[in-house]
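Fold and geometry: a report
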Amino acid sequence: MPPTTDYVRHAARLARKIHLDSAMGGPVQPDSEFFKTLAKALEEIAAAMEQIGKRE
């Protein structure tokens, strides 16, 4: 079973949105949704790395 990447991709989309907003003169502050999604994405990455380590 491949690891899920939903939160990783969502965090990337939010990061791109923050970057585009700042380029257009908007606020540069990430909101709480960004940090929540980033935390879940990092959890998914860690779980995937552990899964890969167990296979080896």
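Before reading on, note that the structure itself is shown above.
These lines cover the structure that appears in this document, whether it is placed above or below. Here the residue index of a chain counts from 1 through its sequence in written order. In keeping with the predicted nature of the model, local features appear solely for residues at pLDDT of at least 70, side-chain atom pairs appear and are counted solely at 80 or more, and the whole-chain, interface and lining totals rest on all residues. Excluded from the side-chain calculation are hydrogens and water; included are all heavy atoms of the structure.

Here we come to the side chain of Glu 44. In this structure, Glu 44 sits in helix α2 (residues 32-55). The classification of residues rests on relative accessible area computed with a 1.4 Å probe and restricted to protein chains. Under 20% of the type maximum is buried, over 50% is exposed, and intermediate values are partly exposed. Neither His nor the chain ends contribute to the count of charged residues, in which Lys and Arg are positive and Asp and Glu negative. Each salt bridge in this description consists of a side-chain nitrogen of Lys or Arg and a carboxyl oxygen of Asp or Glu lying within 4 Å of one another. There is no salt bridge for the buried Glu 44, and the closest opposite charge comes from Lys 40, which lies 6.2 Å off by N-O distance. Apart from the residues lying within four places of it in its own chain, the contact partners of Glu 44 are Thr 4, Thr 5, Asp 6, Tyr 7 and Val 8. Runs of E in the DSSP output that reach at least two residues are strands. Runs of H or I that reach at least four are helices, and both are numbered from the N terminus. We call two residues in contact when some of their heavy atoms are within 4.5 Å.

Before going further, it helps to spend a moment on the side chain of Thr 37. Assignment of secondary structure puts Thr 37 in helix α2. Look at Thr 37 and you get buried, because its relative accessible area is 5%. Ignoring anything within four residues of it in the chain, the contact list for Thr 37 reads Tyr 7, His 10, Ala 11 and Leu 14.

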